[in-house]
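Listed below are the residues making up each chain.
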Amino acid sequence: MASTEYWNEELETMSRPNLEKLQIERLRKTVEIAQNSPYYSEVFKKYNITPESIKSLEDLQRFPFTTKEDLRSHYPFGLVSVPMEKVVRVHSSSGTTGNPTVVAHSQRDLDQWADQVARCMYMVGCRNTDVFQNTSGYGMFTGGLGYQYGAEKLGAVTVPAAAGNSKRQIKFIMDFGTTIIHAIPSYATRLAEVFYEMGIDPRKDTKLRIFCLGAEPHSEEQRQRIEQLFGIKAYNCFGMSEMNGPGVAFECKEQNGLHIWEDFVIPEILDPVTLQPVPEGEVGELVLTTINREAMPLFRYRTRDLTRFIPGDCPCGRTHRRLDRFKGRSDDMIIVKGVNIFPIQIERILMGFKELGMNYLITIDTVSNNDEMTVEVEVGEDITISDYTKLQNLTKEITRQLKDEILLTPRVKLVEKGSIPQSEGKAVRVKDFRKNH
Amino acid sequence: MTINQISIFLENKFGRLSEILSILRHENIRVIAATVADTSDYGILRIITTDQQKAFQKLIEHKVSANMNEVVAISVDSCIGQLSETIDKFTQAGITIEYMYCFSFNQKSILVIRSSNMAQANEVAQKNNLNTLSEAELINF
């Protein structure tokens, strides 16, 4: 029975022409609302944008881009499009430099967002019989409340455990019979370690069956490791606070790309330099326009995330296009000796070696006026230490594969387990000590 | 007969050897033989102790990257040509020695030998009546 597969069959499987019609309608409506914001009222005047002038999706090309800088310079409420009495919540990003970015939500926005998250969770098999534990930080970080309301909307039992304190997390998992976990990938790995240290085998001794992995780009190899460690299925989630938070795009059970909900956003993939659309299927920067949000719509927001549309239809029957696994962020990109490198490329190689652990650190430094890259990686459980030849051959093979991938030769250093500091937040993977950086 | 040796992955970091040996000290484990060699990035510490099983388990509990493997320990008289003759036995049998450490005192020498084929190495030692030591004998040597 098809209806048990979809949270909202009509919207999820809508034909492309109908979906586009809905997008145009919603874009027009969103322009109408955004005219009330101090920021967009000026932008629209300057670019002659009115609701009536929106005839097709091509009209989106007439809009200028919105950037994080625009949000910062109109901090906190310069982009709010509704009277403040309609605003019921604000979220903000962790701004390390200057003002943080703030996103305001009306009650309708929050309800829609919860529905969007529920749709994602339902898609991967979560039901109202599940027990959902959220290991995200709550508060201003959207991974906490975003999942909370989504899981409640779905009707699951929610365990808002929040971040950190792994032993307590495990106690809840055992005592409440948790079946679904939301975690960032580096924390999922940490949690597995603590499980095994405590002598509990999460594959046999828990009811866990689904992991929602978000907030950090991670490789297919890392996903598979997490699936093996816990004996679960893990799904990739994409979200960002500027686009509400979690739930913007989510993998279906096919685990081949993340469906981006095109009734919520209009996605474009553009060349980050020319800002022109890339040919279908090629990698570029994801640019998003919200079309189902009233308190703070954003038009052509530059996410800085690099991905591509996966060409073709998905066997799951959903018509919303799929984004490929993220290649990193255009601002995470490190340029070493003129070569563009994304940390995720290095991770993908390292995770292919069963002798290695899951923690690594990339260091870039200037040595006699040259960029030098060092990749430190922890050895894993299965490494054979008894002789040098094996260790040296391993180092050589890692170096060779890295060189094939990133086109320059890093210094590879094997380090002891636990020697790379692990945070319970987002993992630090790159340290750049070069001057002028 | 062969005995167990523990190999430990050592990052080149000041004080790491002390840290590892103190784990054994706190568990009342005596180190009988130890050798450290290094490359520019890391070292391998190889040890034989009074209680290899316990030592191995405690090291793993302290998240030390360690493996246990077999070596053969041979006791010979400490006089000219003895070491040479002993090694010749392995050479004649076509056995490669990967590494070895040895020490002499009280007119005796002890050789600890690791070969890529330990079963064969052990066979050679038996055939040539070499005095191989058990862990217990090594402890009381």
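Draft legend 1. Representation of the overall build of chain A within the structure. Helix and strand content of chain A: 12 helices and 21 strands. Scaling as 2.2 N^0.38, a compact globule of 437 residues should have a C-alpha radius of gyration of about 22 Å, and chain A matches this with 23 Å. For the C-alpha atoms alone, the extent of chain A along its principal axes is close to 75 × 55 × 40 Å. Across chain A, every contact between residues at least 6 apart in sequence was considered, and the portion connecting residues at least 24 apart equals 65%.

Draft legend 2. Geometry of the sheet that holds strand β6 (residues 210-213) of chain A. Residue and element names in this part refer to chain A. An order of β4-β3-β5-β6-β7-β8-β9-β14-β13 is seen for the nine strands of this open sheet, with the pairing classed as mixed. Strands at the two margins of the open sheet, each flanked by one partner only, are β4 (157-159) and β13 (309-310). Lying on the sheet, helix α7 (residues 166-176) is in contact with β3 (131-134), β4 and β5 (180-183); it crosses β3 at an angle near 175 degrees. Seen against the sheet, helix α8 (residues 185-197) touches β5 and β6 and runs at an angle of roughly 125 degrees to β5.

Draft legend 3. Spatial organisation of the environment of A:A249. Residues and elements named next belong to chain A. You can see A249 is positioned in strand β8 (residues 246-251). Judged by its relative accessible area of 0%, A249 falls in the buried class. Separated by 102 residues in sequence, A249 and M351 have C-alpha atoms that sit 25 Å apart. Setting aside residues no more than four positions away along its own chain, A249 makes contact with C237, F238, L258, H259, I260 and L323.

Draft legend 4. View of the nonpolar core. Residue and element names in this part refer to chain A. Ranked by internal contacts, the top residues of the largest apolar core, which has 37 residues, are Y40, F44 and F238. Elements with a contribution of two residues or more to this core: α2 (16-34), α3 (38-46), β8, β9 (258-260), β10 (265-270) and β11 (284-290). Each residue touching F44, except ones within four places of it in the same chain, is listed here: V31, A34, Q35, I49, F63 and F299. Counting residues in each nonpolar core, the second largest holds 31 residues, with I334, I383, Y388 and L391 among its members.

Draft legend 5. Helix α4 (residues 118-127) of chain B, seen in detail. Residue and element names in this part refer to chain B. Residues M118, A121, N122, V124 and A125 constitute the buried set of α4. In an axial view of α4, the angular spread of the buried residues amounts to 160 degrees, which keeps them on one side of the axis. The exposed set on the far side of α4, more than 90 degrees from its buried face, consists of A119 and K127. Packed against the buried residues of α4 are β4 (66-77), α3 (82-92), β6 (108-115) and β7 (131-132). Here α4 starts with a cap whose side-chain oxygen sits 3.3 Å from the backbone nitrogen of A119, and that cap is N117.

Draft legend 6. Seen up close, the domain arrangement of chain B. Residue and element names in this part refer to chain B. Split by domain assignment, chain B resolves into domain 1 (3-69) and domain 2 (71-139). Using only C-alpha atoms to locate each centre, domain 1 and domain 2 end up separated by 23 Å. When domain 1 packs against domain 2, the two sides together hide about 1200 Å² of surface, and 60% of this comes from carbon and sulfur. The interface formed by domain 1 and domain 2 includes zero salt bridges. Summed over the shared surface of domain 1 and domain 2, the number is six residue pairs in polar contact (both at pLDDT 80 or more). The set of elements that each furnish at least two residues to the side of domain 1 that touches domain 2 consists of β1 (3-11), β2 (31-38) and β3 (42-49).

Draft legend 7. View of the pattern of salt bridges. Within the structure shown, the criterion is met by 35 salt bridges over all chains. Each of A:R190, A:E193, A:E197 and B:K63 takes part in a single network of salt bridges with overlapping partners.

Draft legend 8. Region of interest: the sheet that holds strand β15 (residues 328-329) of chain A. Residue and element names in this part refer to chain A. Judged by pairing direction, the sheet is antiparallel, and its four strands sit side by side in the order β10-β11-β12-β15 without closing on themselves. The open sheet terminates on both sides in strands that have one partner only, identified here as β10 and β15. Sheet analysis places strand β12 (residues 301-307) next to β15, joined by two bridges and oriented antiparallel. By the bridge assignment for β15, L306 is matched with G328. Against the sheet, α2 engages β10 and β11, with an angle of about 100 degrees to β10.

Draft legend 9. Structural context of the packing of α7(A) against α8(A). Residue and element names in this part refer to chain A. It is the contact of α7 with α8, at a shortest axis distance of 10 Å, that shows an interaxial angle of 80 degrees. When the axis of α7 is compared with that of α8, the two are roughly perpendicular. In contact with S166, K167, Q169, I170, I173 and M174 of α7, α8 contributes Y187, R190, L191, V194 and F195. For the contact of α7 with α8, a count of residues per class yields seven nonpolar, two polar and two charged.

Draft legend 10. Quick look at the interface of chain A and chain B. Taken together, the contact between chain A and chain B spans 20 residues of the former and 23 residues of the latter. Of all residues in chain A, A:I385, A:Y388 and A:E416 give up the largest surface area on contact with chain B, accounting jointly for 41% of the area buried on that side. Counting the contacts that link chain A with chain B gives three salt bridges. Connecting chain A to chain B are four residue pairs in polar contact (both at pLDDT 80 or more). Those elements giving two or more residues to the side of chain A that touches chain B turn out to be α8, α12 (388-406) and β20 (411-415) of chain A.

Draft legend 11. Here's a closer look at the domain arrangement of chain A. Residue and element names in this part refer to chain A. Partitioning chain A into structural domains gives domain 1 (1-330) and domain 2 (334-432). With centres defined by C-alpha atoms, the gap from domain 1 to domain 2 works out at 30 Å. Each partner contributes residues to the interface: domain 1 has 23 residues there, and domain 2 has 18 residues. Together, the buried faces of domain 1 and domain 2 total about 1600 Å²; carbon and sulfur atoms form 54% of this surface. Area buried by domain 1 at its contact with domain 2 is led by E221, Q222 and R225, which between them contribute 33% of it. The interface formed by domain 1 and domain 2 includes three residue pairs in polar contact (both at pLDDT 80 or more).

Draft legend 12. Spatial organisation of the packing of aromatic side chains. Residues and elements named next belong to chain A. With the rule as written, the count across this model stands at 13 aromatic pairs over all chains. A centroid spacing of 5.1 Å and a plane angle of 10 degrees characterise the contact between F172 and F176, whose relative ring orientation is stacked. Linking F172 with F176, this pair stays in helix α7, spanning four residues, or about one helical turn. Residue classification places F172 among the buried positions, given a relative accessible area of 18%. Ring geometry for F211 versus F230: centroids 4.5 Å apart, planes at 40 degrees, classification tilted. Of the two residues, F211 is situated in strand β6 and F230 in helix α10 (residues 220-230); the sequence distance between them amounts to 19 residues.

Rules used in this analysis
Residues numbered from 1 in each chain as written. Chains lettered and ligands numbered in written order. Predicted model: local features only at pLDDT ≥ 70, side-chain atom pairs only at ≥ 80, totals over all residues. Heavy atoms only, no water. Helix = DSSP H or I, 4+ residues; strand = E, 2+ residues; numbered from the N terminus. Rg over C-alpha atoms; globule rule 2.2 N^0.38 Å. Contact = heavy atoms within 4.5 Å. Pairing = 2+ DSSP bridges. Axes fitted to C-alpha atoms, helices over the stretch in contact; angles between N-to-C directions. Buried < 20%, exposed > 50% of the residue type's maximum accessible area, 1.4 Å probe, protein only. Core = buried A, V, L, I, M, F, W, Y, C linked by side-chain atoms within 4.5 Å. Arc of directions from axis to C-beta. Polar contact = N/O pair within 3.5 Å; in protein donor to acceptor, adjacent residues only side chain to side chain. Domains from an automatic or database assignment. Buried area = accessible area lost by both parts, 1.4 Å probe. Salt bridge = Lys/Arg side-chain N within 4 Å of Asp/Glu carboxyl O. Parallel < 35°, antiparallel > 145°, perpendicular 65-115°, else oblique. Nonpolar A, V, L, I, M, F, W, Y, C, P; charged D, E, K, R; others polar. Phe/Tyr/Trp six-rings, centres within 6.5 Å; stacked < 30°, edge-to-face > 60°.

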